[in-house]
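Read off the chains here:
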Amino acid sequence: MNAPPQSPFLIVLTTLPDPASAQALAAALIEDGLAACVNVLAPCTSVYRWQGKVETAIETPLLIKTATAAYPALEAAIRARHPYELPEIVAVPVERGLPAYLAWVHANATRSQPDPASSDPSAE
């Protein structure tokens, strides 16, 4: 059985401990060209098990719109800037979307990625 084709776009979810750190991460991802748009959502209550105990925390979720090609660098950037020992980083493939919007996501979430044509000497 063949694997389904990989989506060229992702929505990546993460949570941060407060709005200030969420805003700082969002801005960094946009400035670095790793995401086209980051929604900083209203704080929420998270309930989870950590190190054998049930914990409750107020967190600020982020919805990060990006290109699949940018995911490895995006994940590395989140891990480098995230204050949690084990940050939530979950990528959900985008199955469909407005073509013009997805073109905009691609253009803005791959700015830090090398253009394959520009690195190929035979492309000249």
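Here is what the cut-offs are and how they apply
Residues numbered from 1 in each chain as written. Predicted model: local features only at pLDDT ≥ 70, side-chain atom pairs only at ≥ 80, totals over all residues. Heavy atoms only, no water. Salt bridge = Lys/Arg side-chain N within 4 Å of Asp/Glu carboxyl O. Helix = DSSP H or I, 4+ residues; strand = E, 2+ residues; numbered from the N terminus. Buried < 20%, exposed > 50% of the residue type's maximum accessible area, 1.4 Å probe, protein only. Core = buried A, V, L, I, M, F, W, Y, C linked by side-chain atoms within 4.5 Å. Contact = heavy atoms within 4.5 Å. Expected span 1.5 Å × (residues − 1). Arc of directions from axis to C-beta. Polar contact = N/O pair within 3.5 Å; in protein donor to acceptor, adjacent residues only side chain to side chain.

Asks: Tell me about the pattern of salt bridges, residues and numbers included.
Replies: Overall, the coordinates contain one salt bridge when judged by the stated rule. The salt bridge involving Arg 81 is made with Asp 32; its shortest N-O contact spans 2.9 Å. You can see Arg 81 sitting in helix α2 (residues 71-81) and its partner Asp 32 sitting in the loop between α1 (19-31) and β2 (37-40), a full 49 residues away along the chain. In this structure Asp 32 comes out as partly exposed when scored by relative accessible area, which is 31%.

Asks: So, the nonpolar core: which residues are in play, and what are the values?
Replies: Counting residues in hydrophobic clusters, the biggest one holds 17 residues, and the most contacted among them are Val 12, Leu 29, Val 38, Leu 62, Ile 64, Leu 74 and Ile 78. Elements with a contribution of two residues or more to this core: β1 (9-16), α1, β4 (53-67) and α2. Apart from residues lying up to four places away in sequence, Val 38 is in contact with Ala 26, Leu 29, Ile 30, Leu 62, Leu 63 and Ile 64. Formed by seven residues, the second largest nonpolar core is a distinct cluster that contains Phe 9, Ala 36, Ala 67 and Val 94.

Asks: For the side chain of Thr 60, give the residues involved together with the corresponding values.
Replies: If you trace the backbone, Thr 60 turns up in strand β4. Residue classification places Thr 60 among the buried positions, given a relative accessible area of 2%.

Asks: Account for unusual backbone geometry, naming residues and giving values.
Replies: Of note in this structure, Gln 51 is not a glycine but carries a positive phi near 50 degrees. Among the structural elements, Gln 51 can be located in the loop between β3 (44-50) and β4.

Asks: I'd like a rundown of α1, residues and numbers included.
Replies: In a regular helix each residue adds 1.5 Å, so 13 residues correspond to 18 Å; α1 covers 18 Å between its end C-alpha atoms and thus fits that length. Listing the buried residues of α1 in full gives Ser 21, Ala 22, Leu 25, Ala 26, Ala 28 and Leu 29. Viewed end-on, α1 has its buried residues packed into an arc of 165 degrees, placing them on one side of the element. In this structure, α1 carries Ala 20 and Glu 31 as exposed residues pointing more than 90 degrees from its buried face. Each element contacted by the buried residues of α1 is listed here: β1, β2, β4 and α2. The N-cap residue of α1 is Asp 18: its side-chain oxygen and the backbone nitrogen of Ala 20 are 3.1 Å apart. Following α1 by one or two positions, Gly 33 adopts a phi angle in the positive range, close to 70 degrees.

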